[in-house]
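# A look at the structure
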Amino acid sequence: MTEGPAKPSLRLRITAAAETIVRGGHPWVFAQSVREQNRPGATGELAVIFDRNNRFLAVGLYDAQSPIRVRVLHAGKPQQIDSQWWQQRTAAACAIRQNLFDSQTTGYRCINGENDGWPGLVLDQYDTTRVLKLYTAAWLSRLDEMVVLLKGKGRLVLRLSRNIQKQAHDDFALDDGQILHGAPLEGPVLFMENGLRFEADVLRGQKTGFYLDQRENRRNVESLAQGRSVLNLFSYSGGFSLYAARGGAARVCSLDISEHALAAARRNFALNQGHPTVAQCRHETLQTDAFLWLRQNPDERFDLIVFDPPSLAKRETEKEDALAAYAKLIEASLARLQKNGILVAASCSAHVSADEFFNLTRAAAQKSGRKFNELRTTRHPADHPATFPEGEYLKCIYLGFVD
Ligand code: SAH
């Protein structure tokens, strides 16, 4: 904690519009919404927000560097943020996951940032290793307290988003990939998802090492894969590929721009040779740019194409370009899709809404002139709740073509 005993607590007033937004449960107060504060704030300290009638409105984590100046921890009745409160909040996040998974799934999200009341903080479980990923420097001064709460029974690994790595290193001697608790670690850890074994590169991999949010879509793909040739575009470590293989796909091609990711995909196939269908499936990896490859590549056709690109709109101004890129991706994928094929199109761009993405995909499918059925659409899985608009990023649509 950075509060010294002599300092008065940090008190803020915000614009009327921001008051309404916070009262409605939104967790962010932007810098330009702050009308006045009693003193300069330090990153990581608690800021109490009062409304225009001088009543308590909310309390949150102050971040002097970020355009999101306060991340709300609690709004409504006055609330003391003490160790008991933090314990209750930890228990609440655990409780909603309690009956979601059986022993065949040991990888899942325990805390999903703002959506679980922990703004800018994610906690993922991979068997006995937990990964704590911070997206705001506001947590750095509170880390010791958080480690006690969140360490679980095994190892705890710290991951830091790129924008806070320098500050973490310079001011707190904390580094990305550092072990905060438990045994040292050199490489990836192993865990299970629906009975399939995977490695997660928790020290250096993308996000916290694996895309746990796609678990249910992967399961759906497994049920559609029997006898098909499958193309997994933006495959990362082969999550969709393994499920397709276990589902009886004759052949799976994992395509990614990262050779590091594809090497992990090959190792994940090796880990699952105990499943006869995986052992029988022909798996190929292709290291290339998906957009280029789709444009250049030949007449090869697939019966099932999955695409799950990285976020194509990191900010609102990139949205139009992202929509155009998705449209191209869908069109090019359809050109590679065999008669009676299935397209599974996923998007994780928060700035593109689910409806926009679904409508874009439907429109592109209609434009192809081919007949299709919409098999299903999906959103967030239960361990990745989305409770405010910016927290909603994941959507996926399944189209089955009948010619
Ligand atoms: N579907 C995956 C997650 C995909 S993450 C899963 O279920 O685990 C996005 C992936 O796209 C990353 O692995 C990244 O390396 C890859 N990628 C980014 N740009 C790419 C491009 N232009 N062509 C191919 N792959 C790309």
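Here we summarise the structure given alongside this text.

Scoring rules and cut-offs
Residues numbered from 1 in each chain as written. Predicted model: local features only at pLDDT ≥ 70, side-chain atom pairs only at ≥ 80, totals over all residues. Heavy atoms only, no water. Phe/Tyr/Trp six-rings, centres within 6.5 Å; stacked < 30°, edge-to-face > 60°. Helix = DSSP H or I, 4+ residues; strand = E, 2+ residues; numbered from the N terminus. Buried < 20%, exposed > 50% of the residue type's maximum accessible area, 1.4 Å probe, protein only. Lys NZ or Arg CZ within 6 Å of the ring centre and 35° of its normal. Near = heavy atom within 4 Å. Polar contact = N/O pair within 3.5 Å; in protein donor to acceptor, adjacent residues only side chain to side chain. Areas by Shrake-Rupley, 256 points an atom, 1.4 Å probe, with all protein chains shown as cover. Nonpolar A, V, L, I, M, F, W, Y, C, P; charged D, E, K, R; others polar.

Two aromatic rings are characterised by how far apart their centres lie and by the angle between their planes. Here the structure, examined in full by the defined rule, presents 17 aromatic pairs. On the numbers, 5.0 Å between centres and 70 degrees between planes, the contact of Y326 with F357 is edge-to-face. With Y326 in helix 10 (residues 319-335) and F357 in helix 11 (residues 354-367), this residue pair connects regions lying 31 residues apart in the sequence. Note on accessibility: Y326 and F357 belong to one class, buried. Linked through ring pairs, Y126, F191, F198, F210 and Y243 together constitute an aromatic cluster. The side chain of R246 reaches across the aromatic face of Y243, ending 5.7 Å from its centre. Just above the ring of F401 sits the side chain of R370; from NZ or CZ to the centre is 5.0 Å.

All right, on to the site of the ligand then. Within the structure, the ligand sits among 16 residues, and R218, D256, I257, A290 and D308 are positioned closest to it. The backbone of F234 places a nitrogen or oxygen atom 3.4 Å from a nitrogen atom of the ligand. Within the side chain of D289, a nitrogen or oxygen atom sits 3.4 Å from a nitrogen atom of the ligand. For the ligand, the protein covers 91% of the area, taking 590 Å² as the surface of the free molecule. Grouping the amino acids of the shell around the ligand by side-chain chemistry returns 8 nonpolar, 4 polar and 4 charged.

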